[in-house]
Each structure stands twice: as C-alpha cells, then as structure tokens.
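# Summary of the model geometry
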Amino acid sequence: MWIRHAESRLTSLQSSPDGDEGRWVAEHYGYRTLDPPVTHRRTVEFRGEQRLIEITDEIDSGRRLPVRLAFHLGPSVEANLDGCILALRWPDRDGGEATATMTLPSSLGWSLIRGASDPVLGWYSPAFGQKVPATDVIGVGSATAGLPLRTRLVFRSALGLF
C-alpha cells in the first residue's frame, strides 16, 4: 500500500522495577526529503498508579511546519470530541464499560473521522480484504522545534492494564 516507508528506531526504553511506571522514546525519519530535513520524535510515559499515559511529539526543524497528528482507535471505541477534550468509552472484557479522557494539544484543530472513503480514513482491518469502521482522531495545524505537542490520556475505569 505504501510506496515509501519511514525508517524508525527506538532510542530509549525504561521501566520501574515493579513495571508500574515506564517511558519509551522513538523517532522516525520519514520527512528527510523536506528542506531542511525533519525528524519526528515521540515520547510515551505511563504511570499505572495514576492511570495516566502522556505522549509528547516533537519535531527538530528550525522552522514552523504544517503537521497532522493522528490517533487510531479500535472499532469498538466510542469517541466524543469537545474542542481538544476527547471522551472515550468501550466495552471491557467483563461485559462492563471502560472509559478514558484524552486531552489533545490545543494548538491543533481536531476532528473525528469514521469510515470515510475520500480520503480513506477511519478503518480497521481485522484480516486481509476486510475492513470495519473505526475512529481516527486527526489534529491539523503547525509545530515548531522546541514547542512539543502533548497528549494526556487518563483512564477512569478498571482496565487491568497496569
């Protein structure tokens, strides 16, 4: 499907001895063709006791660049967007409901896309030749080196993940 693939690498991986806290950093070089070339770095930190995941996206260009930040949700996740606050809800494995709140970078304009054909966005493919509508959370705007885009995800109900 993709003609060109971005080279990426994990640059750091850390976790507490009990596994309740952790951090990883990765970057990709898919924008090296720009002038000047740009590297995108993402840091993800989790704190289990606080039921929190923080995502920081950074670019290393010396100029302001147009950006599009996307989060792809599973097909069973319901999303309600109010400005830069995203309320999430999905069935948990015990037949109940899990919820979370995602605070998105306010410097971007956010929208939800589900099952769109032009452009093709908002799909999940469980197997070859199959597609199921799913929600894509898309932020559009600009970013500058030294001004990171921060996303905060707080889980409100039991997940059994941490």
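Residues numbered from 1 in each chain as written. Predicted model: local features only at pLDDT ≥ 70, side-chain atom pairs only at ≥ 80, totals over all residues. Heavy atoms only, no water.

It is worth spelling out the overall build of the chain at this point. Along the chain, the regular secondary structure elements total 0 helices and 15 strands. Its C-alpha radius of gyration of 17 Å places the chain within 12% of the 15 Å reference for a compact globule of 162 residues. Once the C-alpha set of the chain is aligned to its principal axes, its extents read approximately 50 × 45 × 35 Å. On the chain, roughly 10,300 Å² of surface is accessible, and the fraction owed to carbon and sulfur atoms is 52%. Separation of charge centres in the chain, based on 18 positive and 19 negative side chains, amounts to 5 Å. (Helix = DSSP H or I, 4+ residues; strand = E, 2+ residues; numbered from the N terminus. Rg over C-alpha atoms; globule rule 2.2 N^0.38 Å. Areas by Shrake-Rupley, 256 points an atom, 1.4 Å probe, with all protein chains shown as cover. Lys, Arg positive; Asp, Glu negative; His and termini not counted. Charge placed at Lys NZ, Arg CZ, Asp CG, Glu CD.)

Another point: the pattern of salt bridges. Going through the model one piece at a time under the given rule, you end up with 7 salt bridges. Between Asp57 and Arg42 there is a salt bridge, and its shortest N-O distance comes to 2.7 Å. On the criterion of sequence distance, the pair formed by Asp57 in strand β4 (residues 52–59) and Arg42 in strand β3 (residues 38–47) is long-range, its members being 15 residues apart. In this structure Asp57 comes out as buried when scored by relative accessible area, which is 4%. Salt-bridge contacts for Arg89 lead to Glu78; the nearest nitrogen and oxygen are separated by 2.9 Å. Residue Arg89 is found in strand β7 (residues 85–91), and its partner Glu78 is found in strand β6 (residues 78–82); the two are separated by 11 residues along the sequence. On the basis of relative accessible area, Arg89 is assigned to the partly exposed category, the value being 37%. A single salt-bridge network, built from bridges that share partners, covers Arg47, Glu54 and Arg152. (Salt bridge = Lys/Arg side-chain N within 4 Å of Asp/Glu carboxyl O. Buried < 20%, exposed > 50% of the residue type's maximum accessible area, 1.4 Å probe, protein only.)

Here Asp118 and Pro119 are connected by a cis peptide whose omega angle stands at 0°. For Arg51, which is not glycine, the phi dihedral falls at a positive 55°. Mapped onto the secondary structure, Arg51 falls in the loop between β3 and β4. Given a relative accessible area of 28%, Arg51 falls into the partly exposed group.

A surface patch of nonpolar side chains, about 320 Å² in accessible area, is lined by Leu10, Leu13 and Trp24. With respect to the helices and strands, Trp24 occurs in strand β2 (residues 21–31). Classification of Trp24 as partly exposed rests on a relative accessible area of 32%. (Patch = residues over 30% accessible without salt bridge, like charges linked within 9 Å, V, L, I, M, F, W, Y side chains within 5 Å.)

Turning to the sheet that holds β4, a few remarks are in order. Taken in spatial order, the 8 strands of this open sheet run β1-β2-β3-β4-β15-β8-β7-β6, and their pairing is antiparallel. Edge positions in the sheet fall to β1 (8–15) and β6, since each has one partner strand and no second. Geometrically, the sheet is characterised by an average inter-axis angle of 15° between neighbouring strands, direction not taken into account. Of the pairings in the sheet, the one linking β4 to strand β15 (residues 149–155) comprises 6 bridges and is antiparallel in character. Directly across from Ile55, in β15, lies its bridge partner Thr151. (Pairing = 2+ DSSP bridges. Axes fitted to C-alpha atoms, helices over the stretch in contact; angles between N-to-C directions.)

Here we come to the sheet that holds strand β14 (residues 135–143). Taking strand neighbours across the sheet as the criterion, the 3 strands line up as β5-β14-β9 in an open arrangement whose pairing is antiparallel. On the outer flanks of this sheet lie β5 (65–72) and β9 (109–114), each paired with one strand and no other. Direction aside, neighbouring strands of the sheet carry axes that sit 25° apart on average.

Moving on to the packing of aromatic side chains. Across all of its chains, the model carries 2 aromatic pairs by this definition. Pairing Phe71 with Trp110 gives two aromatic rings, centres 6.4 Å apart and planes at 25°, and the pair type is stacked. In this pair, Phe71 sits in strand β5 while Trp110 sits in strand β9, placing the two residues 39 residues apart along the sequence. With respect to burial, Phe71 and Trp110 carry one shared label: buried. On the numbers, 6.4 Å between centres and 90° between planes, the contact of Trp90 with Phe155 is edge-to-face. Of this pair, Trp90 sits in strand β7 while Phe155 is found in strand β15, placing the two residues 65 residues apart along the sequence. The buried category is assigned to Phe155, whose relative accessible area is 10%. Geometry around Trp123 places Lys131 over its ring, the cationic atom sitting 4.3 Å from the centre. (Phe/Tyr/Trp six-rings, centres within 6.5 Å; stacked < 30°, edge-to-face > 60°. Lys NZ or Arg CZ within 6 Å of the ring centre and 35° of its normal.)

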